[in-house]
Structure formats: C-alpha cells, structure tokens
Amino acid sequence: MKTLQPPMRCDTTQRQRVIAASRVLGVPRDYATRYRLRAVREPRVLTCIGIDIHGREQWLAPPAARAWARMQQAAAREGVVLDIVSAFRSASHQLLILERKLERGQSIDEILRVSAAPGYSEHHSGRVVDITTPGFAALEEEFERSTAFDWLQRDASRFGFSLSYPRGNRHGIAYEPWHWCWRPR
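Model, not experiment: these values are computed from the prediction.

Enquirer: What is the right way to look at the layout of surface pockets in this model?
Expert: Empty space left among the atoms is revealed by rolling a probe the size of a water molecule over them. There is about 880 Å³ of room inside the largest pocket. Elements that contribute at least two residues to the lining of the largest pocket include exactly strand S2 (57–60), strand S3 (83–86) and helix H4 (91–103). For the lining of the largest pocket, the element with the most residues is H4, which contributes 5 residues. When its residues are assigned to classes, the lining of the largest pocket shows 15 nonpolar, 10 polar and 11 charged. Its boundaries defined by the atoms lining it, the second largest pocket holds a volume of some 350 Å³. Around the second largest pocket, the lining is made up of 14 residues, and of these Leu37, Arg38, Val40, Glu122 and Arg127 lie nearest the centre.

Pasting the structure below:
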C-alpha cells in the first residue's frame, strides 16, 4: 500500500523569504494593502482529499477536508459531480507558478489580476478547493453555466464553503466561479 506524503509547507520564516523573493520578481511592496489581503499561514497538518482531474493527490486541512467530503457526497446524491482541480498550495509552490508565468512573458500586473501573490493565496490555508465538473474546462468562467455551479451557489454554504472571488470583489482579483473556501463557523 502506498503511503501518502503531504506536500511541503512553509513556516513563517520560509513564507517571509518567499514574499521577499516575489518582491524581487516585481510584486509591489504595498501588495497586501493594495489588494486587501493578508499573509496566509499554512496548516501544520493536511489530509488527502483524493485525486484531482490531473491525477495528482490533493490536500486540505482536516476540518476543511471533512467538510469537502460531506459537500461532495451531498452533491453526488443529487447527481452533481464536483471534481477537484486543486486544493492546498504552499507559498513556495505559488512562487514557482509566478516564476513560470513570468517566463512565459506575462507581466506581473497580468499575473496579479488572476493569481494571489506568493504568501497571500487562500490556497496556502488548506481550506480552498478549485472545482470543475465534467463537460466544462477547468479554471474557466464557463463553469458558472454548469449545474455544479448552480448547486454550489445554492448549497455550498450548508457545508461552510463560499465563493471567494465573485465579480467585482473587494480584492480586485478576477472573477473565479471555481474557487471555494471553507470558513469555520
């Protein structure tokens, strides 16, 4: 039997190093104030929530993992499939994403409109799931036209999940109908 190994996480010192490295890459010093975001602490413990659409293990903090399982099962009972695109990401992993996007020629402003800067992503909290459903492209606005999105709009709050980045959100981050965060009650 394969032993699941949770992904590496950043402690406070590592997170500070990642934030400093992202500044060197162009993330503005006033990023947190400008986007109304706080640095996000990573959980000490993660629980595997299954395999994503790309065949990778995905992880959440234990309470969020339990809520995700209940929500996914409830949706399935109503014939709605909620597939995982991604969940926990460390600040170090977010830095790699930033670096790859810069290497592909995207500007820092373009990147920060669609992705939180390393150290500030809700994914670091272990409480976020990016969701898709069969027949819809992952991480695309078209997800809002799915029965899965309709179900989430109606029922996700029963499980503690809410849409983090609706249209016109206060953070100035692009609309992400697939990005749902579990918030303890």
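Enquirer: For this particular structure, what's the right way to read the environment of Pro43?
Expert: For Pro43, the position within the fold is in the loop between helix H2 (31–35) and strand S1 (47–51). Sequence-wise, Pro43 and Arg56 are 13 residues apart; in three dimensions their C-alpha atoms are separated by 20 Å. Beyond its immediate chain neighbours, meaning those up to four positions away, Pro43 contacts Arg9, Ala61, Phe88, His124, Ser125 and Gly126.

Enquirer: What should I look at first to understand helix H1 (residues 12–24) in this one?
Expert: Each full turn of the α-helix corresponds to 3.6 residues, which orients residues three or four apart in the same direction. Taking 1.5 Å as the rise per residue, H1 with 13 residues should run 18 Å; its terminal C-alpha atoms sit 19 Å apart, in good agreement. Within the span of H1, buried status applies to Arg15, Val18, Ile19 and Ser22. Considered in projection along H1, the buried side chains sweep an arc of 100° and stay on one side of the axis. In this structure, H1 carries Gln16, Arg17 and Val24 as exposed residues pointing more than 90 degrees from its buried face. Elements in contact with the buried residues of H1: H4. Regarding H1, its N-cap is Asp11, as a side-chain oxygen of that residue lies 3.1 Å from the backbone nitrogen of Thr13 further along. In the segment just after H1, Gly26 is the residue with positive phi, at about 120°.

Enquirer: Please clarify how unusual backbone geometry should be interpreted in this entry.
Expert: In terms of backbone geometry, most residues other than glycine have negative phi values and most peptide bonds are trans. For Arg36, which is not a glycine, the phi torsion comes out positive at approximately 55°. Here Arg36 shows up in the loop between H2 and S1. Despite not being glycine, Leu139 has its phi angle at roughly 60°, a positive value. As for its placement among the helices and strands, Leu139 is situated in the loop between strand S4 (128–132) and helix H6 (147–155). By relative accessible area, which is 39% here, Leu139 ends up partly exposed.

Enquirer: What exactly am I supposed to notice about the side chain of Ser125 here?
Expert: Mapping Ser125 onto the fold places it in the loop between helix H5 (108–114) and S4. A polar atom in the side chain of Ser125 sits 3.1 Å from the backbone nitrogen of Arg127. The contact partners of Ser125, leaving out residues within four places of it in the chain, are Val40, Arg41, Pro43 and Ala61.

Enquirer: Whenever I open this one, empty space enclosed by the protein confuses me. Can you help?
Expert: Here the structure, examined in full by the defined rule, presents 1 cavity of 30 Å³ or more. Quantified by volume, the largest cavity comes out at close to 40 Å³. Lining the largest cavity are Gln94, Ile97, Leu98, Lys101, Ile111, Leu112, Ser115, Ala116, Ala117 and Pro118. For the lining of the largest cavity, the elements supplying multiple residues, two or more each, are H4 and H5. Looking at the lining of the largest cavity element by element, the count peaks at 4 residues for H4. Here the residues of the lining of the largest cavity sort into 7 nonpolar, 2 polar and 1 charged.

Enquirer: Could you clarify how one ought to interpret the sheet that holds strand S6 (residues 179–182) in this entry?
Expert: The strands that make up a sheet are held in pairs by hydrogen bonds between backbone atoms, and each pair lies either parallel or antiparallel. Taken together, the 4 strands give an open sheet; going across it, the order is S3-S4-S6-S5, and neighbouring strands pair in antiparallel fashion. Across the chains shown, the open sheet's two edge strands, defined by having one partner strand only, are S3 and strand S5 (161–163). Neighbour-to-neighbour, the strand axes of this sheet turn through a mean angle of 45°, independent of strand direction. Two elements, S3 and S4, share 3 bridges in a ladder whose sense is antiparallel. Within the sheet, the bridge partner assigned to Ser86 lies in S4 and is Asp130.

Basis of the calculations
Residues numbered from 1 in each chain as written. Predicted model: local features only at pLDDT ≥ 70, side-chain atom pairs only at ≥ 80, totals over all residues. Heavy atoms only, no water. 1 Å grid on protein atoms, 1.4 Å probe; cavity = no way out; pocket = protein on both sides within 12 Å on 5 of 7 lines; lining within 4 Å. Points joined across faces, edges and corners; volume = space filled by probe spheres on them. Helix = DSSP H or I, 4+ residues; strand = E, 2+ residues; numbered from the N terminus. Nonpolar A, V, L, I, M, F, W, Y, C, P; charged D, E, K, R; others polar. Contact = heavy atoms within 4.5 Å. Expected span 1.5 Å × (residues − 1). Buried < 20%, exposed > 50% of the residue type's maximum accessible area, 1.4 Å probe, protein only. Arc of directions from axis to C-beta. Polar contact = N/O pair within 3.5 Å; in protein donor to acceptor, adjacent residues only side chain to side chain. Pairing = 2+ DSSP bridges. Axes fitted to C-alpha atoms, helices over the stretch in contact; angles between N-to-C directions.

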